Amino acid sequence: MRRNGMETTKPLNNSPGNGKRLGEILRILGRHKLTQGITPEKLRATVEDLGPTFVKFGQIMSMRHDMLPAEYCEELAKLRTDVQPLAFAEVRHVVEAEYKVPMEEIFLSFEEQPIGSASIAQAHMAVLRDGRPVVVKVQRPGIRETMAEDVALLHRAARLLNLTEVGDVVDLNMVLDEMWTVAQQEMDFLLEAQNAEEFRACNRDTAFVDCPEIDHRHTTTRVLVMEYVDGVQIDDVDTLHREAYDLEEVGLKLADNYVKQVIDDGFFHADPHPGNIRIRGGKIVWIDLGMMGRLTIRDRSLLRDGVKAIVSGDVEHLKQIVLTMGVHSGRIDHARLYGDIDDFLAKYAKLDLGSMDLGQIIEELVGLAREHRISVPKGISMLSRGVLTLEGVLAVVSPKINLLEILANRMSAEIRKDFDWIEEQKGRFRNLYESSQKGIRIPAQMSDLLRMALKGQAKVNLEVIGSEQPLASLDRMANRLVKCILCAAMLLGSCLLCTTGMQPKLLGIPLVGMLGFIAALLMGIWVLWDMHKHK
């Protein structure tokens, strides 16, 4: 089955193997006592015990600050995939199943020992028949089905252990669905190949940026063949020094290109850790393009406006940007949101641009939005993690480089480049004309308003901001009072019935009266539990 151009797998069958795996998942979840709450450390330990497929899920979710609090994302980012490599016979089977020919007809040589092994795939050095050295990324056999079954089983385990609502911190079902969606994208190597081509096209005019060339002829959904990139890992500063690279220039170009990916292209590397960035022949080579973030034109425009609002300390403008960018569920407490944004901006009011961390700013804003039940676009959340990771790389390569400063300089250059004095004046005259037309209509509108007031037709819609919580508390109190009155009425009624000779009787007491006592007792316990739960 395919959806949006991507193959999807339907989990789950009720085989004996699934029952055994479900029991194992239940034991792990029970051992970590998730029913008593989920802390960041407990979540990471649980994911590690659940096995390599869930470690991959955890790494994916560490980038989703819109779904998980910052402390949970930071803890999940510590996960490392350490998976036993596949036997070469299994690798050969996958490759030949995809190509429908023996491996020797495609490759002159194929290294049996992998250069890297992860939960979804492992990579091998090889040489094509035309003599080109390549890296072959081979997907683990059955990994899609295994992950589909594990996700479905964890859904069932969460229901059995009543973990679907472990508080306001984590919506487990939503997190599982999101993990599975992203994991499916990572398991489609044709999508990674498309990402590489799109990235190359976006950076075609940037002389100092490159990415591995994909061999599309030999790439399938489960086997990816790409150019071998030797080069120097970007955090290997000693080797870069020996090869006479200027680290300040490297850091500046790296930061400038990442800002370009975000602001100009809206297509950026979402996992820019040192292992995914190489220096080769004076170029910055970005590798592993399976995890890419996207920003719409609207998102990029709002991001630019947000930077301006932060720099100028404009609380109202930043509040409108947060509301416009996100999707909110329920009513928004505007006064509280305004106050939280004011406190947020106050932290940075006395700092210059060079002292601010762009990643931390985005992360705090995403967290602030989540507190107000405002979900930000997926691209913004991935950007938060990507910027934090890249700032860590820059701290090693060139600590003086500041991403926010480069972003502000690039925006200033764009404003100067796009500024048109004639168009600016035309816009001002247009605004002046529209304002004058509205001003002319004010006397007539005032006259209509007074006429309606004199006739008693004027209406005022009044909304008391922040009244929802007190009203909810009053409603809850009224409900408890009604329950208590009913409980007392049943108790008194049962006492009266016990004084009669009504038949049938149980232990010398009328049965109806006995049942009334029991019902009153149960209702009393219910009221007490409700009071304890919501105190």
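The structure we're discussing is the one just above.
Visitor: Would you mind going over the overall build of the protein with me for this structure?
Guide: The helix and strand inventory of the protein stands at 19 helices and 17 strands. The proportion of buried residues among the 535 residues of the protein is 43%. When the accessible surface of the protein is summed, it comes to about 29,400 Å², and 56% of that surface belongs to carbon and sulfur atoms.

Visitor: Explain helix 10 (residues 247–265) here, please?
Guide: Owing to its 3.6 residues per turn, the α-helix aligns residues three or four sequence positions apart on the same side. Here helix 10 is 19 residues long and its end C-alpha atoms lie 25 Å apart, about the 27 Å a rise of 1.5 Å per residue gives. By the burial criterion, the buried members of helix 10 are Leu247, Val250, Gly251, Leu254, Ala255, Asn257, Tyr258, Val259, Lys260, Gln261, Val262 and Ile263. You can read the cap of helix 10 off the contacts: a side-chain oxygen lies 3.0 Å from the backbone nitrogen of Glu248, and it is on Asp246. Gly266 lies just past helix 10 and shows a positive phi near 65 degrees.

Visitor: Would you take a moment to explain the sheet that holds strand 9 (residues 232–233) for this structure?
Guide: By way of backbone hydrogen bonds, the strands of a sheet pair with one another, either parallel or antiparallel. Read from one edge of the open sheet, four strands run 7-12-11-9, paired in mixed fashion. Looking along the sheet, the strands with just one partner apiece sit at the ends: strand 7 (209–210) and strand 9. Of the pairings in the sheet, the one linking strand 11 (residues 277–280) to strand 12 (residues 283–286) comprises four bridges and is antiparallel in character. Among the inter-strand pairings, Arg280 is bridged to a residue of strand 12, identified as Lys283.

Visitor: Honestly, the pairing of strand 12 in this entry has me stumped. Any pointers?
Guide: For strand 7 and strand 12, the ladder comprises two bridges, and the chain directions are parallel. Counted as the bridge partner of Val209 is Ile284 from strand 12. Taking the residues between adjacent antiparallel strands as the criterion, strand 11 and strand 12 are bridged by two residues, where Gly281 takes a positive phi near 60 degrees.

Visitor: In this structure, what is going on with the packing of helix 12 (residues 315–325) against helix 13 (residues 334–348)? I would like to understand it.
Guide: Relative orientation and spacing of two packed helices are given, respectively, by the angle between their axes and the distance between those axes. With their axes 9 Å apart at the nearest point, helix 12 and helix 13 run at an angle of 115 degrees to one another. Relative to helix 13, the crossing made by helix 12 is right-handed. On the side of helix 12, the interface is formed by Val315, Glu316, Leu318, Lys319, Val322 and Leu323, while helix 13 contributes His334, Leu337, Tyr338, Ile341, Asp342, Phe344 and Leu345. When its residues are assigned to classes, the contact of helix 12 with helix 13 shows nine nonpolar, one polar and three charged.

Visitor: Honestly, the packing of helix 10 against helix 15 (residues 378–397) in this entry has me stumped. Any pointers?
Guide: The N-to-C vectors of helix 10 and helix 15 enclose an angle of 170 degrees; their axes lie 10 Å apart at closest approach. When the axes of helix 10 and helix 15 are compared, the pair comes out roughly antiparallel. Counted together, Leu247, Val250, Gly251, Leu254, Ala255, Tyr258 and Val262 of helix 10 and Leu383, Gly386, Val387, Leu390, Val393, Leu394 and Val397 of helix 15 form the full contact between these two elements. Considered class by class, the residues forming the contact of helix 10 with helix 15 number twelve nonpolar, two polar and no charged.

Visitor: I keep staring at the nonpolar core and nothing clicks. Help me out?
Guide: Soluble globular proteins tend to bury their nonpolar side chains together. The biggest cluster of nonpolar side chains holds 109 residues, and the ones touching the most others in it are Leu254, Trp286, Phe344 and Leu383. Excluding residues that lie within four positions of it along the chain, Leu254 makes contacts with Ile234, Ile277, Ile284, Trp286, Leu390, Val393 and Leu394. Among the nonpolar cores identified, the runner-up in size contains 17 residues, and Leu86, Val91, Ile106 and Val134 belong to it.

Visitor: How should I be thinking about the side chain of Ser494 in this particular structure?
Guide: One can find Ser494 in helix 18 (residues 468–498). For Ser494, a relative accessible area of 3% puts it in the buried group. Ignoring anything within four residues of it in the chain, the contact list for Ser494 reads Gly513, Gly516 and Phe517.

Visitor: For this particular structure, what's the right way to read the packing of aromatic side chains?
Guide: Any two aromatic rings considered together are summarised by their centre-to-centre distance and by the angle between their planes. Counted according to the given criterion, the structure contains seven aromatic pairs. Ring centres 6.3 Å apart and planes at 75 degrees place the aromatic pair Tyr258 and Phe268 in the edge-to-face group. Residue Tyr258 is located in helix 10, and its partner Phe268 is located in strand 10 (residues 267–269); the two are separated by ten residues in the primary sequence. Both residues of the pair, Tyr258 and Phe268, belong to the buried class. Counting every residue linked through ring pairs, the aromatic cluster contains Phe88, Tyr99, Phe107 and Phe110.

Visitor: Mind showing me how you'd approach the side chain of Arg410 here?
Guide: As for its placement among the helices and strands, Arg410 is situated in helix 16 (residues 403–418). At 2.6 Å, the side chain of Arg410 forms a polar contact with the side chain of Asp264.

Visitor: Even after reading the chapter, I still don't get unusual backbone geometry, so can you show me in this structure?
Guide: Phi is mostly negative for residues that are not glycine, and the peptide bonds are mostly trans. Of note, the phi angle at Lys100 is positive, near 60 degrees, even though the residue is not glycine. Structurally, Lys100 can be placed in the loop between helix 5 (88–99) and strand 3 (107–110). Residue Lys100 is classed as exposed on the basis of its relative accessible area of 66%. With phi around 55 degrees, Asp288 is a residue other than glycine that occupies positive phi space.

Visitor: Sorry if this is basic, but what is going on with the environment of Ile362 here?
Guide: Along the polypeptide, Ile362 turns up in helix 14 (residues 358–371). Using a relative accessible area of 9% as the deciding quantity, one classes Ile362 as buried. Remark: the alpha-carbon pair of Ile362 and Val307, spanning 55 residues in sequence, is separated by 9.9 Å. Residues in contact with Ile362, not counting those within four places in the same chain, are Ile380, Leu383 and Ser384.

Cut-offs applied
Residues numbered from 1 in each chain as written. Predicted model: local features only at pLDDT ≥ 70, side-chain atom pairs only at ≥ 80, totals over all residues. Heavy atoms only, no water. Helix = DSSP H or I, 4+ residues; strand = E, 2+ residues; numbered from the N terminus. Buried < 20%, exposed > 50% of the residue type's maximum accessible area, 1.4 Å probe, protein only. Areas by Shrake-Rupley, 256 points an atom, 1.4 Å probe, with all protein chains shown as cover. Expected span 1.5 Å × (residues − 1). Polar contact = N/O pair within 3.5 Å; in protein donor to acceptor, adjacent residues only side chain to side chain. Pairing = 2+ DSSP bridges. Axes fitted to C-alpha atoms, helices over the stretch in contact; angles between N-to-C directions. Left-handed = near helix turned anticlockwise from the far one by under 90°. Contact = heavy atoms within 4.5 Å. Nonpolar A, V, L, I, M, F, W, Y, C, P; charged D, E, K, R; others polar. Parallel < 35°, antiparallel > 145°, perpendicular 65-115°, else oblique. Core = buried A, V, L, I, M, F, W, Y, C linked by side-chain atoms within 4.5 Å. Phe/Tyr/Trp six-rings, centres within 6.5 Å; stacked < 30°, edge-to-face > 60°.

By themselves, these are just geometric observations and shouldn't be taken as functional.
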